[in-house]
Amino acid sequence: MEGLLDATKKAYLTVRRHRTPAQTTELASTYTMQVHTKAVLVVAFFKDGRRIVTASKDKTLRIWDMEKKAFMGGPFQGHSDIVTSVTVSPDDRRIASAGGDGAIIIWDVESKQMLFKPLLKHTRRVSSVCFSPDGKRLASGSWDDTVIIWDAETGVVLSTLRCNVGMVLCVALSPDGLKLASGGSHGTIRVWRTSNTELLLKIEAHDDWVESVVWSPDGQQLVSASADKKIKFWDSSNACQIGQPCTGHTRIIYSLAISSDGSFIVTASHDKTVRLWSTKSHQQIGQALEHTTLVFCVAISSSGGLLASGDDDGNVHLWSIESTLSEAFETDYSYLAHRSKVKLGQKLYAEALSDAEKVIELNPSSYLGYELKHAALHGAHRYDDAFKAFTIMLSKLDDTPDPQIRQLRYKYANLSEIEDAIRQAIHVQLENAPLRLINTSTGRLCDRDAQINAFMESTEHKELLHSLMMHAPDQTESIKEAVAKYFSWVMLSHRWERKEPLLHDIQGNNVYNLDPVGTIVKLQKFCKVAHNAGHRWAWSDTCCIDQNNNVEVQQSVNSMFVWYHYSALTIVYLSDVPPSSKSGALANSTWNTRGWTVQEFLAPKIVLFYQADWTLYLDYRSHNHKESVSIMQELENATGINAWALIDFHPGTRDAREKLRWASNRDTTREEDIAYSLFGIFDVNLPVIYGEKRQKALGRLLQEIIAHSGDITALDWVGQSSNFNSCLPAEISSYKALPCTVPSLSKHDMQKSVSTLRNNIVAVALASKLYTILENLSVPRFANARLQLPCIVFPLTEVRRRPSQDGDTSFIYDVKADGLQDLLVITEDKLVQFSPARHARQTFLLARPWNRSDLGLINFADEPQSGEDWPEPGSPGYNEPTTRELRLIVRLGQPFGGLLLAQQWGGEYKRIASDNKIIAQVADITSVDDMMNVRMLEIL
């Protein structure tokens, strides 16, 4: 279409340069084609401006593609008489036609099929049809003196209007669809309310038939054309005529159309001319468009730049009228503003800008020209110039004396407030982002300032500013979304190899320009994959941290879990998994043995596994491999981490023993990292002190877990004691064994044991006392490598070593303690042997670490319950005091994991490490007195 207009314009200007001034307003048809075998009675433009539909005396309709200059398929055939009217639905998907046969047909444009059977309620020729602005209704006028409003989607009659005008020749629905105008053979115009068919106006308009009537785009005027050769304008609110009629045609005016901006109308007459008229002056614009035969119809394109007319020989003529209109409206502010808007809609930004500049020149104090200029510059991606135009527009709105126009200022947001909101959104976004990131487009490493600067200069920022300035309501969410999208980053999880690129290797360089050898290739591939996935930023632990800056290392280690968690994507690179590997290769990858990779997989929400050649593992092309049941099952089997944790992990100190087991078979290059790599998993923040050695690093972590949560399950291990504290293991591998679990009693066994104890008066009394002591016992405290541990203690009365075999590295001891069944202890420590007959100088205890869960209280943090969940008094579970206390005694009578402790010279204790779990059990649960030795022990 643009090409057609351009060609017409060039031809017109060429002719114009060779004519005298008197000749310059003449205009020749741009293009003429025969579309029917008989007269073209109706022509209509589609909203896309690319197609027209025509209807003819030959009983058919045709669609013509003006760009291709070709018919779109065959004719629409269905009428048995001439086709008198056609209308296009607002969405361009349907057309409705009416004919001399009294039928109305609604067609599907694409299939050329009737949507339902012809509508046959009229008894004579249907002269006019039109769609409502929303396309849901259709109005029709007929020579049978009626107007019918139809449901355009079902064909059902909604209302019928009796006009009493002889014959209805034309109908038109108002731009808001609330009113309907009809013209008839008695020269009258009637206006109806569509909701209730109330007659609003009756206008004695013409001395002859009213052949055509249209509404102005604002709905404030009606324009009518008549067989009396006149065009008249009417106030649609009071039926008063506006100005003088348009006169000039010498025969009946058969068709009338109005431009989308309401600045001009076009009429077609049996005097073989088409004429343009100004709706302001009611004067003719330019010369008449001459035809060689009768003209029945005319239509204007949505852009206002083209006319189409149909003649008695079956021809359709296309006319480019832009030059004519430009001459007529070269000083018409409203017309130029409308044309600029049309050009904006067609994305002809240079032409729209030219018209906007003319609008500014004609009315420099108005905001409108600058509004159009801003839109044109923005469309042309000239963002800085667009911003300047927008700023001037706001000042014009602020300065206007018209209070109604000044109100328009409130449609637009305050720039300083927008910038503050964007800065705040960036701050929030980068709080959880790495300190440095690689720009995947430029290959450059950027710190946060560089990232922010890149955003401020980006198209995304300028588009965001434009969008926000155009909408005054709160746009917080759209700001967050835009900022989050721009600053989204991709994390790399991989196994370190020799000579990984460090910060100094890439700082100031383009990653993509580095020599592609060794691990540089891995970094380049990672950045490209991230970029191809639509992400601007990428992070690799090898080169995005300044390893020589202790403060930065400290911050990075404590923040890394958060960085992975908030990443848009984490890419796991499996360098030892070859292309086209089968299921199981991931489980066998060295990646699964490294300490840092635990959090690197648990933390992120979206993860993709890549093989050695950077193809997806198992060719699984989901956007997130955490959604793959098979991959998650493989990973669960390989790591021992539950699938729910693999998919939706929440950091914290809860279930500490289980999380420690996940890391128990992992290795790290730097020994302290075995602890540091778990900081994020336990959600703790601790100093990073490389050089402190493994035991101290692990000890500080475990100390923090116990001190923070009171969870003593971290004391459940076998192996060597730590130099940091004897209650802690020297190695993370001490947690490989499953935690000590004791089978819970059945409800029946619990009730039976409680019943037995209830008959023991002494046991009942002591149970109440013990319950009170334990209920008020302090939680464990752990600080400065000293553990304050609440325990029920059982003094050892005898330790005897069994004979050892050659080569044994551990000693086996038979141990007796007050109130406990006999024990077996295996340890590498050499214990002092003693018995009742041979006392030891040192005190030894078998301690049961106290866990408040043994009280049987509800943990509301874990299992919130409503009042309806509590057992009723008298029921088996009713927690009256005696039952509660006796149930505690029964639980204390079950086997437990004990700690073997040796008293030191200062009164503190040290744990004696064991090669196996020490499982102890009281000798007699009725001997409650044996369990009454409750202490807070200090353990070194």
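Residues numbered from 1 in each chain as written. Predicted model: local features only at pLDDT ≥ 70, side-chain atom pairs only at ≥ 80, totals over all residues. Heavy atoms only, no water.

(A) Main features of the overall build of the protein chain. Helix and strand content of the protein chain: 24 helices and 45 strands. For 940 residues, the compact-globule estimate of 2.2 N^0.38 gives 30 Å, and the protein chain exceeds it by more than 25% at 44 Å. Across the 940 residues in the protein chain, those meeting the buried criterion constitute 52%. Sequence separation of at least 24 residues holds for 56% of the intrachain contacts in the protein chain that already meet a minimum separation of 6. Surface summary for the protein chain: the accessible area is close to 42,600 Å², and the carbon and sulfur share equals 48%. Here the protein chain contributes 99 positive and 110 negative side-chain charges, whose respective centroids are spaced 2 Å apart. (Helix = DSSP H or I, 4+ residues; strand = E, 2+ residues; numbered from the N terminus. Rg over C-alpha atoms; globule rule 2.2 N^0.38 Å. Buried < 20%, exposed > 50% of the residue type's maximum accessible area, 1.4 Å probe, protein only. Contact = heavy atoms within 4.5 Å. Areas by Shrake-Rupley, 256 points an atom, 1.4 Å probe, with all protein chains shown as cover. Lys, Arg positive; Asp, Glu negative; His and termini not counted. Charge placed at Lys NZ, Arg CZ, Asp CG, Glu CD.)

(B) View of a negative patch on the surface. A grouping of D818, D924, D929 and D930 is seen on the molecular surface, where their side chains present a negatively charged patch. When you line up the elements, D924 lands in the loop between β44 (919–920) and β45 (934–939). For D924, a relative accessible area of 35% puts it in the partly exposed group. (Patch = residues over 30% accessible without salt bridge, like charges linked within 9 Å, V, L, I, M, F, W, Y side chains within 5 Å. Salt bridge = Lys/Arg side-chain N within 4 Å of Asp/Glu carboxyl O.)

(C) Geometry of the packing of aromatic side chains. Under the definition given, this model contains 22 aromatic pairs. Measuring from centroid to centroid gives 5.6 Å for F390 and Y412, while their planes differ by 90°, and the two rings are edge-to-face. One end of the pair, F390, is in helix α6 (residues 383–399); the other, Y412, is in the loop between α7 (403–406) and α8 (415–431), with 22 residues separating them in the sequence. Under the relative-accessibility criterion, F390 is labelled buried at 0%. What makes Y412 buried here is its relative accessible area of 6%. Taken together through their ring pairs, the aromatic side chains of F455, Y486, F487 and W537 make up a single cluster. The ring of F71 has R62 lying over it, and the distance from NZ or CZ to the ring centre is 3.7 Å. (Phe/Tyr/Trp six-rings, centres within 6.5 Å; stacked < 30°, edge-to-face > 60°. Lys NZ or Arg CZ within 6 Å of the ring centre and 35° of its normal.)

(D) Inspection of the sheet that holds strand β23 (residues 253–258) at higher detail. Within the open sheet, the 4 strands sit side by side as β23-β24-β25-β26. Their pairing is antiparallel. With one partner strand each, in any of the chains shown, β23 and β26 (284–290) form the two edges of the open sheet. Strand-to-strand twist across the sheet, computed as the mean angle between neighbouring axes with direction ignored, equals 15°. Relative to strand β24 (residues 264–269), β23 runs antiparallel, the two sharing 5 bridges. Across the sheet, the residue bridging to A257 is V266, located in β24. (Pairing = 2+ DSSP bridges. Axes fitted to C-alpha atoms, helices over the stretch in contact; angles between N-to-C directions.)

(E) Inspection of helix α4 (residues 349–362) at higher detail. Taking 1.5 Å per residue as the helical rise, α4 with its 14 residues ought to reach 20 Å, and the 20 Å between its terminal C-alpha atoms agrees with that figure. Residues of α4 that are buried include every one of A352, L353, D355, A356, V359 and I360, and no others. The buried residues of α4 occupy an angular sector of 165° when projected down its axis, which confines them to one face. Away from the buried face of α4 by more than 90 degrees, exposed residues A350 and E361 are located. In this structure, the buried side of α4 is in contact with α3 (333–345) and α5 (368–379). (Expected span 1.5 Å × (residues − 1). Arc of directions from axis to C-beta.)

(F) Highlighting the side chain of D673. Looking at where D673 falls in the secondary structure, it is placed in helix α19 (residues 673–676). In this structure the side chain of D673 is engaged in a polar contact, spanning 3.3 Å, whose partner is the side chain of W596. Contacts of D673, omitting those with residues within four sequence positions, involve W596, T668 and Y690. (Polar contact = N/O pair within 3.5 Å; in protein donor to acceptor, adjacent residues only side chain to side chain.)

(G) The sheet that holds strand β29 (residues 315–320), seen in detail. Read across the sheet, 4 strands follow the order β1-β29-β28-β27 without closing on themselves; strand pairing throughout is antiparallel. Edge positions in the sheet fall to β1 (31–34) and β27 (295–300), since each of these pairs with one other strand and no more. The average angle at which neighbouring strand axes cross in this sheet is 20°, direction not considered. The sheet contact formed by strand β28 (residues 306–311) and β29 spans 5 bridges and is antiparallel. Bridging across to β29, L306 finds its partner in S320.

(H) Summary view of the packing of helix α22 (residues 747–758) against helix α24 (residues 881–892). Where α22 meets α24, the closest approach of the two axes is 9 Å, and the angle between their N-to-C directions is 110°. Between α22 and α24, the interaxial angle falls into the category roughly perpendicular. In this structure, α22 contributes M750, S753, V754, L757 and R758 to the contact, and α24 contributes T882, T883, L886, R887, I889, V890 and R891. By residue class, the composition of the contact of α22 with α24 is 6 nonpolar, 3 polar and 3 charged. (Parallel < 35°, antiparallel > 145°, perpendicular 65-115°, else oblique. Nonpolar A, V, L, I, M, F, W, Y, C, P; charged D, E, K, R; others polar.)

(I) Region of the structure containing unusual backbone geometry. Its identity as a non-glycine residue notwithstanding, D145 has a phi of 75°, on the positive side. Relative to the elements of secondary structure, D145 occurs in the loop between β12 (137–142) and β13 (146–151). Given a relative accessible area of 10%, D145 falls into the buried group. Although it is not a glycine, H381 adopts a positive phi angle of roughly 65°. Among the secondary structure elements, H381 is positioned in the loop between α5 and α6. We classify H381 as exposed; its relative accessible area is 53%.

(J) Local environment of the environment of A707. With respect to the helices and strands, A707 occurs in helix α21 (residues 694–709). Relative accessible area serves as the criterion here: at 38%, A707 is assigned to the partly exposed category. Each C-alpha atom, one on A707 and one on Q788, is 9.7 Å from the other, the two residues being 81 residues apart in sequence.

(K) Summary view of the confidence of the model for the protein chain. Per-residue pLDDT for the protein chain has a mean of 89; in total, 94% of the residues score no lower than 70. Scored below 50 in pLDDT, residues 1–27 shows 36 contacts in the model against residues more than four places distant or in partner chains. Long-range and interchain partners of residues 858–873, a stretch whose pLDDT sits below 50, account for 9 contacts in this model, where long-range means more than four residues apart. (pLDDT = per-residue confidence, 0-100.)

(L) Representation of the side chain of S226 within the structure. Of note, S226 is situated in strand β20 (residues 221–226). Here S226 falls in the buried class, since its relative accessible area comes to 0%. Within polar-contact distance, the side chain of S226 engages the backbone oxygen of W209 at 2.7 Å. Within the structure, the side chain of S226 is placed 2.9 Å from the backbone nitrogen of D228, a separation counted as a polar contact. Beyond its immediate sequence surroundings of up to four residues, S226 is in contact with H206, D208, W209, V210, E211, I252 and I253.

(M) Highlighting the pairing of β29. Of all 6 residues in β29, 6 are buried; the element is thus mostly enclosed. Here β29 shows a buried face lined by N315, H317 and W319 and a second buried face lined by V316, L318 and S320. Note: β1 against β29, 4 bridges, orientation antiparallel. Bridge pairing links Q34 to N315 in β29. The hairpin turn running from β28 into β29, its antiparallel successor, is 3 residues long, and G314 in that turn takes a positive phi close to 90°.

(N) Summary view of the environment of Q451. Along the polypeptide, Q451 turns up in helix α9 (residues 448–456). Accessibility expressed as a relative area gives 0% for Q451, which makes it buried. Remark: the alpha-carbon pair of Q451 and L437, spanning 14 residues in sequence, is separated by 8.1 Å. Setting aside chain neighbours within four positions, we find Q451 in contact with L430, P434, L435, R436, L437, C446, Y486, F487 and W537.

(O) The pairing of β20, seen in detail. The element β20 is largely enclosed, with a buried count of 5 among its 6 residues. In terms of strand pairing, strand β19 (residues 210–215) meets β20 through 5 bridges, oriented antiparallel. What sits directly across from V210, in β20, is S226. Taking the residues that link successive antiparallel strands as the turn, the β19-β20 hairpin has 5 residues, and the phi of G219 there is positive, at about 75°. Relative to strand β21 (residues 230–235), β20 runs antiparallel, the two sharing 5 bridges. Paired with A225 across the bridge in β21 is I231. The turn linking β20 back onto β21 is made up of 3 residues, and K229 within it adopts a positive phi angle of 75°.

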